[in-house]
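# Structure assessment
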Amino acid sequence: RRARLIRAPDAPNIASAGSAPGAGAPAPVFTPPEIALIDAPFASGAQDWQILAAARAEPWPGLLRVYAGASNEKLRLIGRVEAPAAMGEVLEDLPAGRFAIWQEDTKLHLTIHGVSLQSATKRQVLNGANLLAVESAPESPNGGGWEFLQFRDAELVGAQEWVLSGLLRGQFGTDDQALAPILAGARVVLIDDRVAKLSLAESERGLTLQWRAGPAGRDRFGDSYATLESAKTGRALRPWSPCHLRAARQPGGDIRISWVRRARWGGDSWEGLDPPLSEEAEIYQVSIFASGILKRRLESAAPEATYALSAQIADFGAPASALELEVMQLSNRAGAGISRSGLIAVN
């Protein structure tokens, strides 16, 4: 017979001094946990890149260990999940939402395990209460991901079944994910202290990694471990989309395009004049389209850019009266940020 021994420092000590050997109780059987790995837009105010890990299992083994690596031979322990998270799924499609405005005309119907949801006041929600991560469809315009949204009112309509209203969509920089519908079957995670925070190396950003998660003390290649393959791109590092796009005609015919920068962190204070710059340098890219066809691309080191009259005539044959714009902030570390786009009238 052959045996393989694996060091398991988190395993409970089941032997005691002076105990006599015997058959003992049979070892508990654990099934692979359900686990969600969220490339989070933020992590409790952290300024760096973190992955949020939410998991649940029946029975709960007490502690899960999470491994990741470029291959099974290179797996390393990157974190632990100490408590089962409140997880569930969406029961009915939810249309695409509007950003930064209370939505009283739509409701989110879902089931969730491990928690009794509570309604909150508007002030409590604005202070961070009732935060959910909802998985976007892979076929959505932004390729899938997680939208962070909040709710004000929770109504229990069945066993572990809830209808949530008073929604704030696209929170914490995920307004791009709110542009697509949320489909029935999408996973839902309540973001609280039961969700663990994991850290990957900078060199692993964007790489397709092998992930394994399962009970501490068990063989990570055994049947009690969940396995998946996923690439995490460092969503927390990407600049948020600008807001308040405007276009104004200047005396000579040029168009001044302007916007307001948003901060990934440190932007909640009302005392400063401008949102803090979360990047090493301030760089923007402005793309100008005509019926979806790129006509011109501008770069700027300030939250404004000039579209010269001569360029307008070259692109459209006449001075532009409206602009189809896409504006994004660039990062030396993470590349292109989340874009803001729209058809903007020239005033």
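Everything that follows concerns the structure shown earlier in this document.
About the criteria used
Residues numbered from 1 in each chain as written. Predicted model: local features only at pLDDT ≥ 70, side-chain atom pairs only at ≥ 80, totals over all residues. Heavy atoms only, no water. Helix = DSSP H or I, 4+ residues; strand = E, 2+ residues; numbered from the N terminus. Buried < 20%, exposed > 50% of the residue type's maximum accessible area, 1.4 Å probe, protein only. Arc of directions from axis to C-beta. Contact = heavy atoms within 4.5 Å. Polar contact = N/O pair within 3.5 Å; in protein donor to acceptor, adjacent residues only side chain to side chain. 1 Å grid on protein atoms, 1.4 Å probe; cavity = no way out; pocket = protein on both sides within 12 Å on 5 of 7 lines; lining within 4 Å. Points joined across faces, edges and corners; volume = space filled by probe spheres on them. Pairing = 2+ DSSP bridges. Axes fitted to C-alpha atoms, helices over the stretch in contact; angles between N-to-C directions. Core = buried A, V, L, I, M, F, W, Y, C linked by side-chain atoms within 4.5 Å.

What follows covers the environment of Ser-116. Tracing the backbone through its elements, the reader meets Ser-116 in the loop between strand 6 (108-113) and helix 1 (122-126). With relative accessibility at 48%, the residue Ser-116 sits in the partly exposed group. For the pair Ser-116 and Gln-160, spaced 44 residues apart in sequence, the C-alpha to C-alpha distance is 7.9 Å.

For helix 2 (residues 309-316), the set of buried residues is Ala-311, Gln-312 and Asp-315. All buried residues of helix 2 lie within an arc of 105° about the axis, which places them on one face of the element. When the buried face of helix 2 is taken as reference, the exposed residues oriented beyond 90 degrees from it are Ser-310 and Ala-314. Contacts from the buried residues of helix 2 go to strand 14 (243-249), strand 15 (255-260), strand 17 (293-300) and strand 18 (304-307). Positive backbone phi, approximately 85°, marks Gly-317, located one or two places after helix 2.

With that settled, consider the side chain of Ser-287. Tracing the backbone shows Ser-287 in strand 16 (residues 283-290). In terms of polar contacts, Ser-287 uses its side chain to reach the side chain of Arg-297, at 3.0 Å. When near neighbours in sequence (up to four residues on either side) are disregarded, Ser-287 contacts Leu-294, Arg-296, Arg-297, Glu-324, Leu-325 and Glu-326.

A few words now on empty space enclosed by the protein. Per the counting criterion, the structure on display carries 2 cavities of 30 Å³ or more. Space inside the second largest cavity adds up to approximately 30 Å³. Around the second largest cavity, the lining residues are Pro-239, Trp-240, Arg-261, Arg-262, Ala-263, Arg-264, Pro-276, Ser-278, Glu-279 and Gln-329.

The next point concerns the sheet that holds strand 2 (residues 51-56). Pairing within the open sheet is antiparallel, and its 3 strands lie in the order 1-2-11. In this open sheet, the two strands that pair with only one neighbour each are strand 1 (34-39) and strand 11 (196-198). The sheet shows a mean angle of 30° between the axes of neighbouring strands, direction not considered. Pairing of strand 1 with strand 2 involves 6 bridges; the strand directions are antiparallel.

Attention now goes to the sheet that holds strand 12 (residues 208-215). Here we have 4 strands laid out as an open sheet, ordered 4-3-12-13, and antiparallel in their pairing. Both outer strands of the open sheet, strand 4 (76-81) and strand 13 (226-231), are each paired with one neighbouring strand and no more. Sheet twist, expressed as the mean angle between neighbouring strand axes with direction ignored, is 25°. Across 6 bridges, strand 3 (residues 64-69) lies against strand 12 in antiparallel orientation. When the sheet's bridge partners are listed, Ala-68 is paired in strand 12 with Trp-211.

Next up on the list: unusual backbone geometry. Backbone torsion omega between Glu-58 and Pro-59 reads -5°, so that peptide bond is classified as cis. The topology assignment puts Pro-59 in the loop between strand 2 and strand 3. Of note in the backbone geometry, Ala-100 takes a positive phi value of approximately 60° without being a glycine. Of note, His-244 is a non-glycine position whose phi angle comes to about 55°, a positive value. Position of His-244 relative to the elements: it lies in strand 14.

Okay, the nonpolar core next. With 20 residues, the main nonpolar core has Val-66, Leu-198, Leu-200 and Trp-211 as its most contacted residues. Residue assignment for this core shows that the elements contributing at least two residues are strand 1, strand 2, strand 3, strand 4, strand 11 and strand 12. Those residues within four positions of Trp-211 in sequence are excluded, and the remaining contacts are Leu-37, Val-66, Tyr-67, Ala-68, Ile-78, Leu-198, Leu-200, Ala-226, Thr-227, Leu-228, Ser-230 and Lys-232. Core analysis: the next-biggest nonpolar cluster, separate from the first, contains 19 residues, Ala-86, Trp-162, Leu-167 and Ala-186 among them.

With respect to the helices and strands, the residue Arg-249 is situated in strand 14. Residue classification places Arg-249 among the partly exposed positions, given a relative accessible area of 31%. Along the sequence, Arg-249 and Asn-347 sit 98 residues apart, while their C-alpha atoms lie 6.0 Å from each other. When residues no more than four places from it in sequence are discounted, the contact partners of Arg-249 are Asp-254, Ile-255, Gln-312, Pro-319, Ala-320, Ser-321, Val-346 and Asn-347. Here Gly-253 takes part through its backbone oxygen, which lies 2.9 Å from a polar atom of the side chain of Arg-249. Within the structure, Arg-249 has its side chain in polar contact with the side chain of Gln-312 (distance 2.9 Å).

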